[in-house]
Every structure is written in structure tokens, then in C-alpha cells.
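# Analysis of the macromolecular model
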Amino acid sequence: MDTGLLVAILVVLILLALLAIFAGRQRRSRKLQDTFGPEYDRTVEEAGDRRTAETELRERTERRAGFDIVPLEPEARTRYIEAWRNTQAQFVDEPVEATREADRLITAVMRDRGYPVDDFEQRAADISVEHPELVEKYRTAHGVAQKSEQGQASTEDLRHSVRHYRAVFAELLGDDDVENVDEVSSRDDEVIEERDADKVQRLR
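Within the structure shown, the criterion is met by four aromatic pairs. With a centroid separation of 5.0 Å and an interplanar angle of 20°, the aromatic rings of Trp84 and Phe169 are classed as stacked. On the criterion of sequence distance, the pair formed by Trp84 in helix 4 (residues 74-90) and Phe169 in helix 8 (residues 155-173) is long-range, its members being 85 residues apart. Accessibility assignment for this pair places Trp84 and Phe169 in one class, buried. On the basis of an interplanar angle of 65° and a centroid distance of 6.5 Å, the ring pair of Tyr138 and Tyr165 is categorised as edge-to-face.

Following this line, the structure appears as C-alpha cells:
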């Protein structure tokens, strides 16, 4: 075979191999983007480059695959919904403590379902695999709860924090309980708003 032709064939094969590698990376990147949504962009921004971020997201996925996540027993779900009702009602008079309790409820549900709960950042990373659309709400709510410990969060900040916790809480409880939690929370929101309006009227 002519040497020039052989070199040309080798060059073509190398280019095809490189294209296949590139296409494979693109497919993996798109899959991670589809899976993690905004969390993908956040991780890229924090990591500083796409490759490091994608390695971290794949490691999250592999770590999550090693967990034995189980649904809550019906009795446990009922107990947690009642606990949420009490926490939401508590917000009227004790917003800081209610926010703390909302954070504790999230952690308790995660523990009961089989998630490791020792570290907040790891908890957030773990739930981002299945709930990427909620993890930023979880981080925001937790950040407000931390600020409240130093007296740096307003009542409105705390209200938004508890609402974010509600979204995460309902999702962790399971699809069957989302409507129950929303129903309780919406009703209690109305009570809170009425009482807040009464307080404003008295101040006038």
C-alpha cells in the first residue's frame, strides 16, 4: 500500500476517534445538564471549570446510588405533617424558633429516609441528585436560618425561608403528601397574614 495513502487513512482514523471522544463528552455533559439543571451552572461557577464541576456531579450521582433511600411509613408521614402544622402555626409568635424547627424537620425526614445528615453541604449535594430544582431553595432557607441566629434576618426573610423549607419538606415526604402539606401551609399562611394585619392595626 502506498505510504501516503496509509498516512491519510491513519489521520482519518485518528480524527474519527477524536470526534467520537468529543461527542461522548458532549453527550455526558448534556446528560448532566438535563439532570441537574441550574445546579449544573452553579457547580461550574463554583468549581471554576466545566471538567471539575462535571467530575463532582458524577461523584454525587455515584454517592447517591450507594444510599438505601426508603419511603416513609404512613404513620411517619402523618406524624411529620402534624409536626409541620405545629411549626407553621408557631411562626406567628416565634418565627426564629419555627425556622429552626423547619430545618430540623427536613433533617429528620432525610435521616428517616436513609440520607446521611452529618453535614449540611453534603446533605444539599445529596438531595440535588434527585431534587435539583429544590436544592437552591434548601440552601437559601438554611442561610436565612443561620442569619437569624445572629439576629440578621427579618421576619419577612424568615417567612420566605419557611416557605422554601415547605417545598423541600413536601417533596421529601413524597408525592402523595405534597397536597396535604400545601393545604395545611396555605391555611396557616392565611392565619399568619391576618394576625400580622391585626398587629399593624394595633400599632397605628
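The rest of the description comes next.
Attention now goes to the packing of helix 7 (residues 132-149) against helix 8. Packing of helix 7 against helix 8 brings their axes to within 8 Å, and their N-to-C directions diverge by 140°. As the angle between them shows, helix 7 and helix 8 are arranged oblique. The handedness of the crossing between helix 7 and helix 8 is left-handed. Where helix 7 abuts helix 8, its residues Leu134, Lys137, Tyr138, Thr140, Ala141, His142, Val144, Ala145 and Ser148 lie against Asp157, Leu158, Ser161, His164, Tyr165, Ala167, Val168 and Glu171. Residue classes in the contact of helix 7 with helix 8 are distributed as nine nonpolar, five polar and three charged.

On to the pattern of salt bridges, then. Per the stated rule, a full pass over the model turns up 14 salt bridges. In this structure, Arg60 and Glu39 form a salt bridge, with 2.8 Å as the shortest nitrogen-oxygen distance. Linking Arg60 in helix 3 (residues 50-65) with Glu39 in helix 2 (residues 38-47), this pair joins segments that are 21 residues apart in sequence. Take Arg60 and Glu39: they sit in the same class, and that class is buried. In this structure, Glu136 engages Arg42 in a salt bridge whose closest nitrogen and oxygen atoms are separated by 3.4 Å. With Glu136 in helix 7 and Arg42 in helix 2, this residue pair connects regions lying 94 residues apart in the sequence. On the accessibility criterion, Arg42 (22% relative accessible area) is partly exposed.

We now examine the nonpolar core. Counting 34 residues, the largest nonpolar core has Tyr80, Ile106, Met110, Tyr138, Tyr165 and Phe169 as its most contacted members. Within the residue set of this core, elements represented by two or more residues are helix 4, helix 5 (95-113), helix 6 (120-128), helix 7 and helix 8. Discounting chain neighbours no more than four positions away, the residues touching Ile106 are Tyr138, Tyr165, Val168, Phe169 and Leu172. Listed in part, the seven residues of the second largest apolar core include Phe36, Tyr40, Val44 and Leu57.

Cut-offs used in this document
Residues numbered from 1 in each chain as written. Predicted model: local features only at pLDDT ≥ 70, side-chain atom pairs only at ≥ 80, totals over all residues. Heavy atoms only, no water. Phe/Tyr/Trp six-rings, centres within 6.5 Å; stacked < 30°, edge-to-face > 60°. Helix = DSSP H or I, 4+ residues; strand = E, 2+ residues; numbered from the N terminus. Buried < 20%, exposed > 50% of the residue type's maximum accessible area, 1.4 Å probe, protein only. Axes fitted to C-alpha atoms, helices over the stretch in contact; angles between N-to-C directions. Parallel < 35°, antiparallel > 145°, perpendicular 65-115°, else oblique. Left-handed = near helix turned anticlockwise from the far one by under 90°. Contact = heavy atoms within 4.5 Å. Nonpolar A, V, L, I, M, F, W, Y, C, P; charged D, E, K, R; others polar. Salt bridge = Lys/Arg side-chain N within 4 Å of Asp/Glu carboxyl O. Core = buried A, V, L, I, M, F, W, Y, C linked by side-chain atoms within 4.5 Å.

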